[in-house]
Amino acid sequence: MDRHAGATGPVAVGIVADGVFKVLLGAALALAAAPLSRPLGVPLWLLVVSGAAVLACGGAELAYARVRPARTHVRLMVGYDAGWALATLAGLLVAARGGTAGGEVWIGYQAVAPLLFAALLAAATPARLTPSAAS
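Nothing here was measured: the structure is a model prediction, and the numbers come from that model.

(A) Region of interest: the packing of helix α1 (residues 9-31) against helix α4 (residues 70-96). Where α1 contacts α4, the axes come no closer than 11 Å and their chain directions differ by 45 degrees. With respect to α4, the axis of α1 lies oblique. Our pair here, α1 against α4, has a crossing hand that is left-handed. Note on element contacts: α4 touches α1 through Ala70, His73, Val74, Met77 and Tyr80, opposite Val11, Gly14, Ile15, Asp18 and Lys22. For the contact of α1 with α4, the residue count by class is 6 nonpolar, 2 polar and 2 charged.

Below, the structure written as structure tokens:
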């Protein structure tokens, strides 16, 4: 596969699945903001903003699935997920030490990182169309 071509096959399925997951997670965060706000210790507005950001990121991922290089998608997904894991670990460590900002660290990451992901994806060089992708 040309590393500058749009995603096809299993890679395309993975990108679409990741985008759909983000759309659903973003909607769930925004819709469940009120009941999640208290147990996570975060302001309601931050949950709504993070839900909207994750939803928008998933939408961008779906919109750019075939027109941005697969390699770009995969790198951004790995970076996003690695950051998510680190933010989760940091939030858990803060909470385990008795701090009250663990939820804000975790949800704050989800408010900022998806917007960076979507911006980088939008700014990426378009994929070269291969003969099979053009049909």
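Text resumes after the structure shown.
(B) Structural context of the pattern of salt bridges. Counted according to the given criterion, the structure contains 2 salt bridges. In this structure, Asp18 engages Lys22 in a salt bridge whose closest nitrogen and oxygen atoms are separated by 2.3 Å. With Asp18 and Lys22 both in helix α1 and 4 residues apart, the pair spans about one turn of that helix. In this structure Asp18 comes out as buried when scored by relative accessible area, which is 15%. Under the relative-accessibility criterion, Lys22 is labelled buried at 3%. The residue Lys22 makes a salt bridge to Glu61 at a minimum N-O spacing of 3.1 Å. With Lys22 in helix α1 and Glu61 in helix α3 (residues 44-63), this pair connects stretches of sequence that are 39 residues apart. The network of salt bridges with common partners includes Asp18, Lys22 and Glu61.

Rules behind the numbers
- Each residue is numbered by its place in its chain's sequence as written, counting from 1.
- Where totals are concerned, whole chains, interfaces and linings use all residues; where local detail is concerned, this predicted model gives features only for residues with pLDDT of at least 70, and gives and counts side-chain atom pairs only at 80 or more.
- As a convention, hydrogens and water are excluded, and side-chain values are obtained from all of the structure's heavy atoms.
- All axes here are fitted lines through C-alpha atoms, helices being fitted over the stretch that makes contact, and every angle between N-to-C directions spans 0 to 180 degrees.
- By definition, any uninterrupted DSSP run of H or I lasting at least four residues is a helix, any uninterrupted run of E lasting at least two residues is a strand, and each is numbered from the N terminus.
- Each angle gets one of four labels, with under 35 degrees taken as roughly parallel, over 145 as roughly antiparallel, 65 to 115 as roughly perpendicular, and the rest as oblique.
- Left-handed describes a crossing whose near helix is turned anticlockwise from the far helix by less than a right angle; the clockwise case is right-handed.
- Every residue pair with non-hydrogen atoms within 4.5 Å of one another is taken to be in contact.
- All amino acids are sorted into three groups, where Ala, Val, Leu, Ile, Met, Phe, Trp, Tyr, Cys and Pro are nonpolar, Asp, Glu, Lys and Arg are charged, and the leftover types, Gly among them, are polar.
- By definition here, a salt bridge exists when the distance from a side-chain nitrogen of Lys or Arg to a carboxyl oxygen of Asp or Glu is within 4 Å.
- Summary of the burial criterion: residues with accessible area below 20% of their type's maximum are buried, those above 50% are exposed, and those between are partly exposed, where the area comes from a 1.4 Å probe applied to protein chains only.

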